[in-house]
Amino acid sequence: MAFNHLPAGVHDALAPLSVTPVTHSVPMAKNHRSDQSPATPASRLSPGSVLGRLASGPSRSARITHTEHLPPRAGRHAVWPDRIRPEVIAAVQACGIEHPWAHQALAAEHALDGESVVVATGTASGKSLAYLVPVLSTLLDGAEAPNGRGATALYVAPTKALAADQCRSVKELSQPLGTAVRPAVYDGDTPFEEREWIRQYGNYVLTNPDMLHRGILPSHPRWSSFLKSLRYVVVDECHTYRGVFGSHVAQVLRRLRRLCARYGSSPVFLLASATSAEPAVAAHRLTGLPVVEVADDASPRGELVFALWEPPLTELHGEKGAPVRRTATAETADLLTDLTVQGVRSVAFVRSRRGAELIAVIAQEKLAEVDRSLVRRVAAYRGGYLPEERRALERALHSGELLGLAATTALELGVDVSGLDAVVIAGYPGTRASLWQQAGRAGRSGQGALAVLVARDDPLDTFLVHHPEALFDQPVESTVLDPDNPYVLAPHLCAAAAELPVTEEDLQLFGPACADVLQQLEVAKLLRRRTRAWHWTRRERAADLTDIRGTGGRPVQVVEADTGRLLGTVDASAAHSTVHEGAVHLHQGRTYLVRSFDLEDSVALVERADPPYSTVARDTTSISVLETDTEVPWGTGRLCYGSVEVTNQVVSYLRRRLITGEVLGETKLDLPPRTLRTRAVWWTVTEDQLDEARIIPEILGGSLHAAEHASIGMLPLFATCDRWDIGGVSVPLHPDTLLPTVFVYDGHPGGAGFAERAFHTARAWLAATREAIASCECEAGCPSCIQSPKCGNGNDPLHKRGAVRLLTVLLRGAPEEKPEEKPEQTPLSDEAG
């Protein structure tokens, strides 16, 4: 029997809600659009005062486990390089920015010198201006060239929302420059009648990696004049390009560089990143070019009060009688309600799309009890909405019409939400980089700000709110990506060959694994070698061979059955567990039931309903070892790393009562299994170790299962990953190892580097796992230590004490780690446009 959990969505069951509305209100903060506005805060409550009101009352105050105060910081000015056009400087000054911060001027200097540069400074530090000023100055120079279309620039953002937001900013900034700068968004939402004008006349084109991969590069002859004149490529929020997605984007950028060289250009890359470790190294891996690092943040910062908040235990009991904490969803909805009543402009960041919808609905219901006029001041924002819905929400946020927003990470990535006073983060977002990115959304106009991290009932969240040093005393992590992953490289070599035959001169550009992968593609008859070049020989589009976001195929359309109206989309990878027949689906506060799910046409038909329950999918997983790359002895057991094949199948779903989380019933499903070839770390234990740990056969399965759950929950502290990026399986007797074995694997084809990181930090990782289980106050295991929200076996069996004893014995035999292999303890997508 195998015990497992696979990356999937989570559906919170709501604990009873109790909100303590505050009747005071404060003036709404002014919405400064520039991310470098003068620090002129309106009359308002201090962050400490706002937190004091949220924590008023004995039950509330006990929920704050730690408060961190980050003092304000003064800014350091510089002067723009003398090569910047005076018209551009005048346009910047007209926006109220008299002098640049020192890091902005330095980045502009590197850009004008023709050096690719990454600006890795804090949120609201003016990174946009650092690359915009040299780009606009160069476009202005090009507009005066006697012949040709002049210089062009390409801006690449991870989401459509960010590209649209940046386009608005560029238009405002460049308005005094007349028609010399012609910005335009080119993505899947761009009307076809506008696309030809953009190709011919746009000189600052804003897009995303998906459109670059599927639309622009395959159609490069139509973009020839643009590519021939390309001087700069801006890669915004480049820290989000990690794991498999980052590896895909790295190859897309190499294909772009190759086509630019074909047309005679060699653009300079300007990258913007949140604060991260070794940003130049990550930027080099992403672009394949040497990159200069600018990481000394010279911008001013207002006071930040950062609170860690643990929801209380309830009188309810969950699976196996475990005590249940109030959910982060319910707690965050209360906080968002109170902040809205106070007039505090706030965003609540939520990990799942469903969670964002639930928080907005609960907050609206609670606000209706206080003041019905406040209901329309709160909304949800997530991926999967139609373009016009997203744009309307963004406009309402910018105008101040919305006071509170429950958003997924679709809003984390740089969309200008200046003027926010507070951020509530519902659950640790996976890395410290993402934590600080989300917290930095507040206080963007220089005023003080409040950030609150609300812990989920999860081993990592529980650990962090009681070990604040792991958040506040550790550097942010490095960005992990592997462009040489053959599962990533192969489809991009096919796409490159379809764009322009791949020659031996291209091998260096695409990396050391290129030659071997080309041979495999020849054997598979996807490419054919003629003389010195490899050609694409198929009729279908090579760019369609891969989905760079790893969503597992085309998105599933969610359609209202009675009207035929398209409500939105769901990623293919999540569809089996979220829009199966009978699933509850939330969209903008409305509840639907899935009537049917058509796998072949990727369509889910839904109908309006108000069921008193939510649904949670159950799945089963098996795993087989394909190849062991390396292994080391841990006492008589072994720690291994290599390739595996995972087979997963969603087999049923539970109906849970909304208020209590009580299971109302289980319904079987008939969905096909899905297989995944990926990379994994696994450890085995022997009979001698089991005897030493006093693990009898009756508790062996539960002990392994509990250790697996907790280790997955703790891995994001040691690798740049999210709990939902990884999966696991535990088996009392695995057919490939012939021993009790625990597997932890990357939830992406070909691997993402997370399991490899786990292998190299295994001693510290499993020691932290043991501590997290042992220090939990529960008797037999709970969601704060060994229960998993995505367990396909209903968290059965689990044995808490057995897991602690087993890990204790295993760690006794662990070799000492080399200093360079010790973990980067750290802060990181839901959403792409």
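So, how was this worked out
- The residue numbering used here restarts from 1 in each chain and proceeds along that chain's sequence as written.
- Only residues with pLDDT of 70 or above have their local features reported here, since the model is predicted, and side-chain atom pairs are shown and tallied only from 80 upward, although totals for entire chains, interfaces and linings are computed over all residues.
- As a rule here, side-chain values cover all heavy atoms of the structure and leave hydrogens and water aside.
- Computed over the protein atoms alone on a 1 Å grid, cavities are sets of points where a 1.4 Å probe fits but cannot get out and pockets are open sets with protein on both sides within 12 Å along at least five of seven lines; a residue lines them when it has an atom within 4 Å of a point.
- Grid points are joined across faces, edges and corners, and a volume is the space filled by probe spheres set on the points.
- Numbering of helices and strands runs from the N terminus, with a helix taken as a DSSP run of H or I at least four residues long and a strand as a DSSP run of E at least two residues long.
- Three classes are used, and their members are as follows: Ala, Val, Leu, Ile, Met, Phe, Trp, Tyr, Cys and Pro are nonpolar, Asp, Glu, Lys and Arg are charged, and the others, Gly among them, are polar.
- Throughout this description, the term salt bridge denotes a Lys or Arg side-chain nitrogen within 4 Å of a carboxyl oxygen of Asp or Glu.
- Only protein chains enter the accessibility calculation, which uses a 1.4 Å probe; a residue is then buried when its area is under 20% of its type maximum, exposed when over 50%, and partly exposed in between.
- Angles run from 0 to 180 degrees between N-to-C directions of axes, and those axes are lines fitted to C-alpha atoms, restricted for helices to the stretch in contact.
- An angle below 35 degrees is read as roughly parallel, one above 145 as roughly antiparallel, one from 65 to 115 as roughly perpendicular, and any other as oblique.
- Definitions for this section: a left-handed crossing has its near helix turned counterclockwise from the far helix by less than a right angle. A right-handed crossing has that turn clockwise.
- Residue contacts are defined here by distance: any two heavy atoms, one from each residue, within 4.5 Å place the two residues in contact.
- At least two DSSP bridges between two strands are required for those strands to pair.
- To estimate the expected span of a helix, subtract one from its residue number and multiply by 1.5 Å.
- Any two of the Phe, Tyr and Trp rings considered here, Trp counted by its six-membered ring, make a pair once their centres fall within 6.5 Å; the pair's planes then place it as stacked at under 30 degrees, edge-to-face at over 60, or tilted in between.
- Over a ring means this: the NZ of a Lys or the CZ of an Arg is within 6 Å of the ring centre and within 35 degrees of the ring normal.

Chemist: Give a detailed account of empty space enclosed by the protein, specifying residues and quantitative values.
Modeler: Taken as a whole, the largest cavity encloses approximately 70 Å³ of empty space. Every residue lining the largest cavity is listed: Cys 238, His 239, Tyr 241, Ser 273, Ser 276, Pro 279, Ala 282, Ala 283, Leu 286, Thr 479 and Leu 481. Here the element with the most residues in the lining of the largest cavity is helix α11 (residues 279–287); it accounts for four residues. When grouped by side-chain class, the residues that make up the lining of the largest cavity number seven nonpolar, four polar and no charged.

Chemist: Describe the pattern of salt bridges, naming the residues involved and giving the relevant values.
Modeler: Pairing is possible between side chains of opposite charge, provided their charged atoms come close. What the rule picks out here adds up to 32 salt bridges. Two residues, Arg 214 and Asp 544, come together in a salt bridge whose shortest N-O distance is 2.8 Å. Of the two residues, Arg 214 is situated in helix α8 (residues 209–216) and Asp 544 in the loop between β20 (533–536) and β21 (556–560); the sequence distance between them amounts to 330 residues. For Asp 544, a relative accessible area of 42% gives the class partly exposed.

Chemist: An account of the packing of helix α10 (residues 243–262) against helix α18 (residues 486–499) is requested, with residue identities and associated values reported.
Modeler: Packing of α10 against α18 leaves a shortest axis separation of 10 Å and a crossing angle of 20°. Relative to α18, α10 is oriented roughly parallel. You can see that α10 and α18 cross each other, and the crossing is right-handed. Facing Val 244, Ser 247, His 248, Gln 251, Val 252, Arg 255, Arg 258 and Leu 259 of α10, the residues of α18 in contact are Val 488, Leu 489, His 492, Ala 495, Ala 496 and Glu 499. Of the residues that constitute the contact of α10 with α18, the class distribution is seven nonpolar, four polar and three charged.

Chemist: Describe the sheet that holds strand β13 (residues 346–350), and please don't skip the residues or the numbers.
Modeler: Sheet architecture is open: seven strands sit in the order β2-β10-β17-β16-β13-β15-β14, paired in mixed fashion. Strands with a single pairing partner mark the edges of an open sheet, and in this sheet they are β2 (64–70) and β14 (378–381). Going across the sheet, the axis of each strand differs from the next one's by a mean of 15°, ignoring polarity. Pairing of β13 with strand β16 (residues 422–426) involves five bridges; the strand directions are parallel.

Chemist: I'd love a proper account of the environment of Leu 339, names of residues and values included.
Modeler: On the secondary structure map, Leu 339 appears in helix α12 (residues 328–341). For the pair Leu 339 and Leu 51, spaced 288 residues apart in sequence, the C-alpha separation works out to 9.4 Å. Leave out the neighbours within four places in its chain, and Leu 339 touches Val 50, Leu 54, Val 344, Ser 346, Ala 422 and Val 424.

Chemist: Explain helix α13 (residues 353–370) to me, and be specific about the residues and the numbers.
Modeler: The end-to-end C-alpha distance of α13, which contains 18 residues, comes to 26 Å, matching closely the 26 Å that a straight helix rising 1.5 Å per residue would cover. Across the 18 residues that make up α13, a large majority, 13, are buried.

Chemist: For the environment of Asp 458, give the residues involved together with the corresponding values.
Modeler: Position of Asp 458 among the secondary structure elements: in the loop between β17 (449–454) and α16 (459–466). A residue is classified by how much of its surface remains accessible, and Asp 458, at 2% relative accessible area, is buried.

Chemist: Residue-level account of unusual backbone geometry, with values.
Modeler: Unusually for a residue other than glycine, Glu 237 sits at a positive phi of about 50°. Here Glu 237 shows up in the loop between β7 (230–235) and α10. Since its relative accessible area comes to 6%, Glu 237 is described here as buried.

Chemist: Can you tell me about the sheet that holds strand β8 (residues 268–273), naming the residues and giving the values?
Modeler: As summarised here, the arrangement of the seven strands in space is β5-β6-β4-β7-β8-β3-β9, forming an open sheet in which the pairing is parallel. The open sheet has two edge strands, β5 (183–185) and β9 (292–294), and neither has a second partner. In this sheet, adjacent strand axes meet at a mean angle of 15° when their direction is disregarded. In the sheet, strand β4 (residues 152–156) pairs with β7 via five bridges, with the strands oriented parallel. Of the residues in β7, the one forming a bridge with Tyr 155 is Val 234. Taken strand by strand, helix α4 (residues 102–112) contacts β3 (117–120), β7, β8 and β9, and its axis lies near 165° from that of β9.

Chemist: I'd love a proper account of the packing of aromatic side chains, names of residues and values included.
Modeler: If you walk through the whole model with that rule in mind, you get 11 aromatic pairs. Here the aromatic rings of Tyr 186 and Trp 223 are separated by 4.9 Å at their centres, their planes lie at 90°, and the arrangement is edge-to-face. Here the residue Tyr 186 occupies a position in the loop between β5 and α7 (192–201), and Trp 223 occupies one in the loop between α8 and α9 (224–228), the gap between them amounting to 37 residues. Accessibility classification places Tyr 186 together with Trp 223 in one group, the buried group. Both rings, one in Trp 682 and one in Phe 743, keep their centres 5.5 Å apart while their planes meet at 35°; by these two values the pair is tilted. In this pair, Trp 682 is assigned in strand β29 (residues 674–684) and Phe 743 in strand β31 (residues 741–746), connecting sequence segments 61 residues apart. Side by side, Trp 682 and Phe 743 carry an identical accessibility label, which is buried. Through successive ring pairs, a cluster of aromatic residues spans Tyr 131, Tyr 155 and Tyr 204. Sitting above the plane of the Tyr 186 ring, Arg 195 keeps its charged end 5.5 Å from the centroid.

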